[in-house]
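These are the residues of each chain, in order.
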Amino acid sequence: MEGKRNARLDPRADVVVFGAVAFVVVFGLLIEHEAPDSYPIAFVLWVPAFAAGLLVKRLSLVLLGALAFLTFAALSDPEPAGEDLIPVMLGLLTGAALRLTRPQLRAGHGQASRLVVRAQQAVALPPPLRRLIDRPAIDAAIDLARLRLDLFPHGLYQPVASLPVTGTAKRADGCRSRWEAMRPFVIEHRVRTAVDVGANAGYFSLELAALGVPTTAIECDPALYRTALLAVRRSELDNVAVMALELRPDAMELLPPADAMLCLSVWHHLVRSNGLDAATAMLRDIWARTGKVLFFDTGEAEMPASFGLPAMVPDARAWLTGLLRGCCEGGEVRLLGLHDAFDAAGRSCRRHLFAVVRGV
Ligand SMILES: C[S@@+](CC[C@H](N)C(=O)[O-])C[C@H]1O[C@@H](n2cnc3c(N)ncnc32)[C@H](O)[C@@H]1O
């Protein structure tokens, strides 16, 4: 496999990088020779253009943008075109060229230029200096910045104690009261494994893990599974797995079986994404993988029509009890009370929480 990858090594990458470096060197020497006074300003123009070149998605956009810019400037005043536009053009081009050679951005199309690899090796710090760098502290600072970005603008939904977040989580009370209702079942039924579908920031997974129940937290939103990963790491619990997965009808085989399944406030998302029939079939599949107990709540009448939930008649409690009885063959449906939630507009409401217990 490795041999095959090397066989696809792209020699053009070397040419592009070599060309980019040569461009910059020749350009610097020219400016130095022809117009030493404009050397600093040329460099100042080149740096942001180079950064822009690294960020822009397609080389064609860079070329078009640079061409448009050059044409406009040359038409309005031919003088600065030579002095100010060339560094901008070169910056964009060298940035975009370097980006093209980055292996992670060219997945499946060869590997890094040998020149880039050698340059990386050349600038790698020697081991004694590496020991001076506090890598965990750097990681922690980056993680914190990433968390702030991930929580913006919606904030935290669940009250996850291990996260370095001040302020209240949006559904703090509703999470704590649901856990208080579920916990006795987990203990009484000697739950040994659990899966938390739509785990969000991992509140229930972490509570289960703290009780000694190894738990898989499944979450599809990158900002949320990153947050859950951070919460798990900071909790120092070693019995939680975070699975980045959007559960869909064609991905049900990936759902691990477990004693306890948590399907909390996620079924309405499944209905919205897959339609009522498919989401109902998914609930059957979830039950098929449940060894002992399924915990379930969902958006009810408070959800907007866009979710595609049916009218829950005669009332939500009766309709959901019927849904669970229909999907969970051999299970006994028990109501675990009403718990705080909020609707799409942020208005507070309450939702029924159910436990479906197998074989009682
Ligand atoms: C309303 S939140 C509920 C979070 C948590 N289960 C609770 O009750 O506190 C729904 C969560 O499910 C996630 N989600 C929605 N559809 C999903 C899917 N198909 N697969 C995995 N996660 C999903 C969302 O990203 C979100 O974090």
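No experiment lies behind these values; they were computed from the predicted model shown.

Chemist: Which parts of the structure should I look at to understand the packing of helix 8 (residues 135-151) against helix 11 (residues 222-235)?
Modeler: Two measures define how a pair of helices packs: the angle their axes make with one another and the distance between the axes. Relative orientation of the contacting elements helix 8 and helix 11 amounts to 140°, with a least axis distance of 10 Å. On the basis of the axis angle, helix 8 is oblique to helix 11. In the packing of helix 8 onto helix 11, the handedness of the crossing is left-handed. Between helix 8 and helix 11, the residues in contact are D143, R146, L147 and D150 and A223, R226, T227 and L230, respectively. Tallied by class, residues from the contact of helix 8 with helix 11 come to 3 nonpolar, 1 polar and 4 charged.

Chemist: What exactly am I supposed to notice about unusual backbone geometry here?
Modeler: Trans is the prevailing form of peptide bonds, just as negative phi is the prevailing case for residues other than glycine. With an omega of 5°, the peptide bond between F152 and P153 qualifies as cis. Looking at the element boundaries, P153 is found in the loop between helix 8 and helix 9 (172-188). Cis peptide bonds are those with omega within 30 degrees of zero, and the linkage from V313 to P314 qualifies with 0°. Tracing the sequence through the fold places P314 in the loop between strand 5 (290-297) and helix 14 (316-327). In this structure, R190 takes a positive phi of about 45° despite not being glycine. Mapped onto the secondary structure, R190 falls in the loop between helix 9 and strand 1 (194-197). In this structure, E236 is a non-glycine residue whose phi angle is positive, near 65°. Position of E236 relative to the elements: it lies in the loop between helix 11 and strand 3 (240-244).

Chemist: Looking at this structure, how should I read the site of the ligand?
Modeler: Taken together, 17 residues are adjacent to the ligand, and G198, N200, L264, S265 and H269 come closest. Residue composition of the shell around the ligand, by class: 8 nonpolar, 5 polar and 4 charged.

Chemist: Sorry if this is basic, but what is going on with the sheet that holds strand 2 (residues 215-219) here?
Modeler: In a beta sheet, neighbouring strands are held together by backbone hydrogen bonds and run either parallel or antiparallel to one another. Pairing in this open sheet of 7 strands is mixed, and the strands run 3-2-1-4-5-7-6 from one edge to the other. A single partner strand is all that each edge strand has here, and the edge strands are strand 3 and strand 6 (331-342). Ignoring strand direction, the axes of neighbouring strands in this sheet form an average angle of 15°. Note that strand 1 and strand 2 share 4 bridges and pair parallel.

Chemist: Sorry, what's going on with helix 9 here?
Modeler: Given a rise of 1.5 Å per residue, 17 residues ought to cover 24 Å, and the 25 Å separating the end C-alpha atoms of helix 9 matches this to within 8%. Taken as a whole, helix 9 carries its principal kink of about 30° at M182; the proline P184 stands between one and four residues after it. What helix 9 keeps buried is the set G174, C175, R178, M182 and V186. Where helix 9 is buried, its residues meet helix 10 (203-210), strand 4 (258-264), strand 5, strand 6 and strand 7 (348-358). With its phi angle positive at about 45°, R190 sits one or two positions after the end of helix 9.

Chemist: I'm lost on the environment of L336 in this one. Help?
Modeler: By the secondary structure assignment, L336 is in strand 6. Residues L336 and H352, spaced 16 residues apart in sequence, show a C-alpha to C-alpha distance of 7.2 Å. Apart from the residues within four sequence positions on either side, L336 is in contact with A181, M182, L353, F354 and A355.

Chemist: I would appreciate a short explanation of the nonpolar core in the present structure.
Modeler: Formed by 62 residues in total, the largest nonpolar core has its most connected members in L262, C263, L294 and F295. Among residues more than four places away in sequence, those in contact with C263 are V197, I286, L294, F295 and F296. Counting 12 residues, the second-largest nonpolar core is a separate cluster that includes V88, L90, L93 and A96.

Chemist: Where do I start with the packing of helix 12 (residues 267-274) against helix 13 (residues 276-288) in this structure?
Modeler: Direction vectors running N to C along helix 12 and helix 13 enclose 135°, while the axes themselves pass 7 Å from each other. For the element pair helix 12 / helix 13, the angle class is oblique. The crossing of helix 12 and helix 13 is right-handed. Mapping the contact onto sequence places W267, L270, V271 and N274 in helix 12 and L276, A278, A279, M282 and L283 in helix 13. When the residues that make up the contact of helix 12 with helix 13 are grouped by side-chain class, the tally is 8 nonpolar, 1 polar and no charged.

Chemist: Can you walk me through the pairing of strand 2 in this structure?
Modeler: In the case of a regular strand, side chains alternate between the two sheet surfaces. In terms of burial, strand 2 is a largely internal element, 4 of the 5 residues being buried. Since strand 1 and strand 2 lie parallel, the crossover through helix 10 that links them has a hand, and here it is right-handed. Pairing of strand 2 with strand 3, which is carried by 5 bridges, proceeds in the parallel orientation. When the bridges of strand 3 are listed, E219 appears paired with A244.

About the cut-offs
- Residues take numbers from 1 onward in each chain, read along the sequence in its written order.
- Given that the model is predicted, a residue must reach a pLDDT of at least 70 before its local features are reported, and side-chain atom pairs must reach 80 or more before they are shown or counted; all residues, however, enter totals for whole chains, interfaces and linings.
- Working convention: axes come from line fits to C-alpha atoms, limited for helices to the stretch in contact. Angles between N-to-C directions cover 0 to 180 degrees.
- Starting at the N terminus, helices and strands are each numbered in turn, a helix being any DSSP run of H or I of at least four residues and a strand any DSSP run of E of at least two.
- Each angle is binned into one of four classes, with values under 35 degrees roughly parallel, values over 145 roughly antiparallel, values of 65 to 115 roughly perpendicular, and all other values oblique.
- Crossing handedness: left-handed means the near helix sits turned counterclockwise from the far one by under a right angle, and right-handed means the same turn made clockwise.
- C-beta atoms are first placed from the backbone for all residues, and any pair lying within 7 Å is then listed as a contact.
- Basically, the charged four are Asp, Glu, Lys and Arg, the nonpolar ten are Ala, Val, Leu, Ile, Met, Phe, Trp, Tyr, Cys and Pro, and anything else, Gly included, counts as polar.
- Only the C-beta atom, placed from the backbone, is used; a residue is near a molecule or strand if that atom lies within 6 Å of it.
- Note on pairing: two strands pair once DSSP finds at least 2 bridges between them.
- Helix span, as expected, comes to 1.5 Å for every residue beyond the first.
- Axes are fitted to the seven residues ending at a residue and to the seven starting at it; the angle between these axes is taken as the bend at that residue.
- Burial is judged by counting the other C-beta atoms within 10 Å of a residue's own C-beta: 20 or more makes it buried, 12 or fewer makes it exposed, and any count in between marks it as partly exposed, with every C-beta position built from the backbone.
- Each nonpolar core comprises buried Ala, Val, Leu, Ile, Met, Phe, Trp, Tyr and Cys residues, the members being joined through C-beta atoms within 7 Å.
- Crossovers are marked right-handed if the path from the first strand over the helix to the second runs clockwise, as seen with the strands pointing away from the viewer.

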